[in-house]
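Observations on the three-dimensional arrangement
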Amino acid sequence: MKNLEVPIKSITDIKKSPMSVFKEAEIRENGVYIFNRDKIAGVVLTQEQYEGLNNELMMLRDKIESYQIQQRLNDQNLKTYSVEEVTGINLNSINLDEHDEWE
């Protein structure tokens, strides 16, 4: 969304004709700022715009997480801990049931 090219409507406009505000968002392929007096009260988006922004946000968060993981794995001074050090449980002392239907 380009901040400088965002259409502006008032609360009165959305009360009079809410669908026209959604239509403008769709046509301009942008959200529409809704003002209440001198302050932004919210932004109107189409469902497609909203879902697209959420999908993009999730994708970017996944990329950031992958980058952070890669940075940690590349850290030569990384200290790792065994399961026993973290939990106090020695996995070799656990008896596994071969017939519990877990694979």
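All of the points below concern the structure found in this document. Just so you know, these numbers come straight off a predicted model, no measurement behind them.

Before going further, it helps to examine the nonpolar core. If you look at the biggest cluster of nonpolar residues, it comprises five residues: V21, A25, V32, I34 and V44. Counting only elements with at least two residues in this core, the list comes to α2 (18–28) and β2 (32–36). With residues up to four places along the chain from it excluded, the contact list for V32 reads V6, P7, I8, K9, V21, E24, A25, G42, V43 and V44.

Taken together, the side chains of V83, I89, L91, I94 and L96 present a nonpolar region at the surface, about 480 Å² in accessible area. Topologically, L96 is positioned in the segment after α4 (83–87).

This brings us to the packing of aromatic side chains. For the coordinates displayed, the defined rule picks out zero aromatic pairs. Between K79 and the ring centre of Y81, over which it is positioned, the NZ or CZ distance is 4.9 Å.

Each regular strand carries side chains that alternate between the two faces of the sheet. Two elements, β2 and strand β3 (residues 39–44), share five bridges in a ladder whose sense is antiparallel. Residue pairing across strands places Y33 opposite V43, the latter belonging to β3. Linking two consecutive strands that pair antiparallel, namely β2 and β3, is a turn of two residues; a positive phi of about 60° is found at R37 within it.

One open sheet holds the three strands; their spatial order is β1-β2-β3, and the pairing between them is mixed. The sheet is open, and its two borders are formed by β1 (8–10) and β3, each paired with just one other strand. Within the sheet, the average angular offset between the axes of one strand and its neighbour, ignoring direction, is 35°. Judged from the three bridges that link them, β1 and β2 form a sheet pairing that is parallel. Opposite S10, over in β2, you have F35 as the bridge partner. The strands that α2 touches are β1, β2 and β3; relative to β2, the one it contacts most, it runs at about 140°.

What counts, and at which threshold
Residues numbered from 1 in each chain as written. Predicted model: local features only at pLDDT ≥ 70, side-chain atom pairs only at ≥ 80, totals over all residues. Heavy atoms only, no water. Core = buried A, V, L, I, M, F, W, Y, C linked by side-chain atoms within 4.5 Å. Buried < 20%, exposed > 50% of the residue type's maximum accessible area, 1.4 Å probe, protein only. Helix = DSSP H or I, 4+ residues; strand = E, 2+ residues; numbered from the N terminus. Contact = heavy atoms within 4.5 Å. Patch = residues over 30% accessible without salt bridge, like charges linked within 9 Å, V, L, I, M, F, W, Y side chains within 5 Å. Areas by Shrake-Rupley, 256 points an atom, 1.4 Å probe, with all protein chains shown as cover. Salt bridge = Lys/Arg side-chain N within 4 Å of Asp/Glu carboxyl O. Phe/Tyr/Trp six-rings, centres within 6.5 Å; stacked < 30°, edge-to-face > 60°. Lys NZ or Arg CZ within 6 Å of the ring centre and 35° of its normal. Pairing = 2+ DSSP bridges. Axes fitted to C-alpha atoms, helices over the stretch in contact; angles between N-to-C directions.

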